[in-house]
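These are the residues of each chain, in order.
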Amino acid sequence: MAIVVLLAAGALLALVLQSRHDIDREARNRSVSVAQTFAKSLGLREALKAPDPSLVLQPLAEETRKAAGVDFIVVMDTRGIRYSHPQPDRIGKRFVGTIEPSLAGRVHTESVQGPLGREIQAIVPVTSPEGEVVALVSAGLTVKSVTGIADEQLPVILLSIAGGLAVATVGSALISRRLRRQTHGLGTQEMTRMYEHHDAVLHAVREGVLITDGDGRLLLANDEAGRLLDLPDDAEGRPVDEVGMDRRMADLLLSGRIATDEVLEAGDRLLVVNQRPTHPGGRPQGSAVTIRDSTEMRLLSSRAETARKRLKLLYDAGGDIGTTLDVVRTAEELAAVAVPRFADFVTVDLADPVLNGDEPGPGADMRRTAVNGIRSDHPLYPLGALIDFLPSTPQARGYGTGAVELVPDLRDAPGWHAQDPDRTSAIVAYGIHSLIAAPLKARGVVLGVANFWRWQKPEPFDEDDLSLAEELVGRAAVAMDNARRYTREHHLAVTLQRSLLPRDLPEQSAVDVAHFYQPAQSGVGGDWFDVIPLPGSRVGLVVGDVVGHGLHAAATMGRLRTAVHNFSSLDLPPDELLARLDDLVQRMDQEGDSADPDGGVLGATCLYAVYDPVSQNCTMARAGHMPPLVVAPDGTATITELPAGPPLGLGGMPFETMELHLAEGSQLVLYTDGLVEERSRDISEGLEKLRTALSHPGRDPDAGRRAVLDALLPDQPSDDIALLIARTRTLGADRVAQWDVPFDPSEVGAMRGRAAAQLEEWGLEELVFSTELILSELITNAIRYGAAPVHLRLLHDRTLTCEVWDSSSTAPHLRYAAGMDEGGRGLFLVAQISERWGTRYTPEGKVIWAEQILPADDKPWGA
């Protein structure tokens, strides 16, 4: 009862203090809320500007105070002079309290001795729209009001405490009666039941229990103790040394000393004994003894430990075997896991076709793929040996039937000895005495045989070891088969991709090129690059990326690369070429949806650039691809802010072009995201590394490529990497001749004469006649069917190119003239005389061009 009263008093005190604290906090919060509300009320700032602010603010403050339930609301200026107060005679006097925090723009609460007594008040700033403090508002309650509220709650608290005290008193009395009845008023049945439970537990445990008294008599012995010590049925009550137990056990019991996990021999048993002194029934000192049979426990522990080790081995094998899609690595992982926990030596022999990704056939030769052991001087076949196992060997039988072969004693294995008598004799002489040959079988196909050899442990392999070997090779075989199938698909994809990528870049004079491509380690992807010669000595540079890996990505890449070649032959500008490529990808997606749900293009990006060595202008556009880098001749590398454009296949969005003027010797660097993006680094970091690696003057493209690969090429790339570095060249003025053509047919002969004179200056007299024929047709057509102005340009490069420019967008078409037609044969003659001819469009009109092969003795420019 004293404890209950103390708890009640403590609770009362805590509740009173908590109540007053809560009311005090509520008073402060209410004061802050009322003051902030009044400070932000409409018209307050205008009232402060009135000639007599008190005339407006006093009635408003009093009305608000009564409505809000506070004792005062005071409005003051920034010096603390009151404009309002519940006691009007206080208006115009200085405010009692701390106003500096509020002048700094903060809300401040405090307890002060004011005109109304002890007050809890809040002071808040009134700010102008510019954030300047123009006045202060204070609101609050007197401590008397707060204390009155708390005192009103005190009777309720006391009544609650009294009720709780009454309930606790009655509950304590009832519980006390209940406990007394249960502990002191037990009846016969309850005591009997308790004894029966005690006796059942005592004789059911698998541990012997003995109790002796100070006279050396055996007071109690449970069934387990009787079994372990061979005690007679009437042993209880008799002296310990007369019940027939082992002498050493009897001496320990009679000594009464403390024993902890002491091991004693009792017949053919090893007993673990614990003994502690006790006082049974108040009689002289005796002992309580527990006995455990360690013989059975050791056997069970040994079996449990063996099972645990095997489970641990299988668990580790699940995580350590098959970490890569590589057949050889998987075989090495199997050998590493099994040594030394399961076998002293492990060799893995795989059918030779498996290493190439093919499916093995019957009777295939075995290649020793992995060897691991506790020593390296063993006489087993070495790593890499090609072995033709005889049909009598366990390896050949296991490979043929798919069943695990157990050889307990290698000395008595004539079929195995017949394989290589000298080597097998050396193996037996070395001390290797037992073998398990487990075929690596997955999806009904046997890939090879794993051989487990025992040397250090004298016991041979048994049936339990056989089942463990089956589990190990079963897990490894699935991983090897996955790796084999992956190897086959990877080889096919690599072969396909290599056939689709450019083997040798075409000859051209506009740029010097260095390139690099490496497929991802996990599978071939769809990255590609290309260099495409264009008419007018120009060159097209392409780099692209198809999302995904495998045969489908490689095939899609081939289709897109072919499409770029076809579209570039039309001499389309970069943005129009990407638009047509985007339409093609959309059609490919639709075809994939209708024929094969997995055959669509998941996504593709591309960057296409055209460089003109005459004007030194480079026009480019990209479809969701990484931006190119431009390295100036002085080594300054910058990332070009080329508009990204949407990836190919989205449709609906136009592509934007950018035209750059590149000084001779500048380098244009195109690449795919696999070069700069990696899991361990951010893409911006990769771009910065690329820019740093290229920022060196005087490097040729090959040196730049090596520097980029040294800085950025990962050891195991997770994505394809394509890199193209093109250093620009210029077709000099001595190789270019151009004239404005008067828009008059009579001027055609004069233009032919100028062109002939230029060819003789270049040493191309052999091409004068054919060139005059070509120019006659092209210039005449431009004047007759085109629009002014007309220009003529000759380019002496690897070929002689004749270009006629006009302002019309109407292109001529080659046709076959009938025998009686007077015209229509001009373009036919141009096509027959020239190597190639065609039309390309410009923003100002079109260009008709024709190329002729240079004479054999004329060296092409840049050769």
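Here, every reference points to the structure presented above.
Just so you know, these numbers come straight off a predicted model, no measurement behind them.

Considering the environment of I721
And then number 1: On the secondary structure map, I721 appears in strand 25 (residues 721-728).
And then number 2: C-alpha of I721 to C-alpha of V676: the two residues are 45 residues apart in sequence and 9.0 Å apart in space.
And then number 3: Here I721 is in contact with F516, Y517, Q518, D527, T672, G674, L675, L713 and P714, once residues within four sequence places are set aside.

Things to note about the packing of aromatic side chains
And then number 1: Applying the stated rule across the entire model yields six aromatic pairs.
And then number 2: Measuring from centroid to centroid gives 5.5 Å for F342 and F461, while their planes differ by 35°, and the two rings are tilted. With F342 in the loop between helix 10 (327-338) and strand 10 (345-351) and F461 in the loop between strand 15 (445-454) and helix 15 (463-500), the pair connects residues that are 119 residues apart, well separated along the chain.
And then number 3: Its relative accessible area of 3% is what places F461 among the buried residues.
And then number 4: Members of the aromatic cluster, each reached through a chain of ring pairs, are F342, F452 and F461.

Topic: the pattern of salt bridges
And then number 1: Here the structure, examined in full by the defined rule, presents 31 salt bridges.
And then number 2: With its nearest N and O atoms 3.7 Å apart, the salt bridge here joins R423 to D420.
And then number 3: D420 sits in the partly exposed class, given a relative accessible area of 22%.
And then number 4: A single salt-bridge network, built from bridges that share partners, covers R329, E332 and E333.

Looking at the nonpolar core
And then number 1: Counting residues in each nonpolar core, the largest one holds 48 residues, and the members touching the most others are W528, L541, L560 and L581.
And then number 2: Beyond its immediate stretch of four places on either side in the chain, L560 contacts W528, V546, L581, L584, V585, M588 and A604.
And then number 3: Formed by 47 residues, the second largest nonpolar core is a distinct cluster that contains V346, A442, F461 and V473.

Quick look at the environment of T780
And then number 1: Its location among the elements puts T780 in helix 22 (residues 768-785).
And then number 2: Its relative accessible area of 25% is what places T780 among the partly exposed residues.
And then number 3: C-alpha separation for the pair T780 and D744, spaced 36 residues apart in sequence, amounts to 9.0 Å.
And then number 4: Not counting chain neighbours up to four residues away, the residues in contact with T780 comprise V748 and L775.

Remarks on the packing of helix 21 (residues 748-762) against helix 22
And then number 1: Closest axis-to-axis distance for the helix 21/helix 22 pair is 9 Å, and the angle between their directions is 145°. By crossing handedness, the relation of helix 21 to helix 22 is classed as right-handed. Within the contact between the two elements, helix 21 uses V748, M751, R752, A755, A756, L759 and E760 and helix 22 uses V768, T771, E772, L775, S776, I779, T780 and I783.
And then number 2: Across the contact of helix 21 with helix 22, the residue classes break down as nine nonpolar, three polar and three charged.

As for helix 21
Side chains three or four residues apart in an α-helix point the same way, a direct result of the helix having 3.6 residues per turn.
And then number 1: With 15 residues, helix 21 extends 21 Å from end C-alpha to end C-alpha; this agrees with the ideal 21 Å at 1.5 Å per step.
And then number 2: Packed against the buried residues of helix 21 are strand 26 (736-741), helix 22, strand 27 (790-796) and strand 28 (799-806).
And then number 3: Positive backbone phi, approximately 80°, marks G763, located one or two places after helix 21.

Some remarks on the side chain of D797
And then number 1: Secondary-structure assignment places D797 in the loop between strand 27 and strand 28.
And then number 2: Buried within the structure, D797 lacks any salt-bridge partner; R798 is the closest side chain of opposite charge, at an N-O distance of 5.2 Å.
And then number 3: Only 3.0 Å separates the side chain of D797 from the side chain of S509, close enough to count as a polar contact.
And then number 4: At 2.8 Å, the side chain of D797 and the side chain of S537 are in polar contact.

The rules behind these values
Residues numbered from 1 in each chain as written. Predicted model: local features only at pLDDT ≥ 70, side-chain atom pairs only at ≥ 80, totals over all residues. Heavy atoms only, no water. Helix = DSSP H or I, 4+ residues; strand = E, 2+ residues; numbered from the N terminus. Contact = heavy atoms within 4.5 Å. Phe/Tyr/Trp six-rings, centres within 6.5 Å; stacked < 30°, edge-to-face > 60°. Buried < 20%, exposed > 50% of the residue type's maximum accessible area, 1.4 Å probe, protein only. Salt bridge = Lys/Arg side-chain N within 4 Å of Asp/Glu carboxyl O. Core = buried A, V, L, I, M, F, W, Y, C linked by side-chain atoms within 4.5 Å. Axes fitted to C-alpha atoms, helices over the stretch in contact; angles between N-to-C directions. Left-handed = near helix turned anticlockwise from the far one by under 90°. Nonpolar A, V, L, I, M, F, W, Y, C, P; charged D, E, K, R; others polar. Expected span 1.5 Å × (residues − 1). Lys, Arg positive; Asp, Glu negative; His and termini not counted. Polar contact = N/O pair within 3.5 Å; in protein donor to acceptor, adjacent residues only side chain to side chain.

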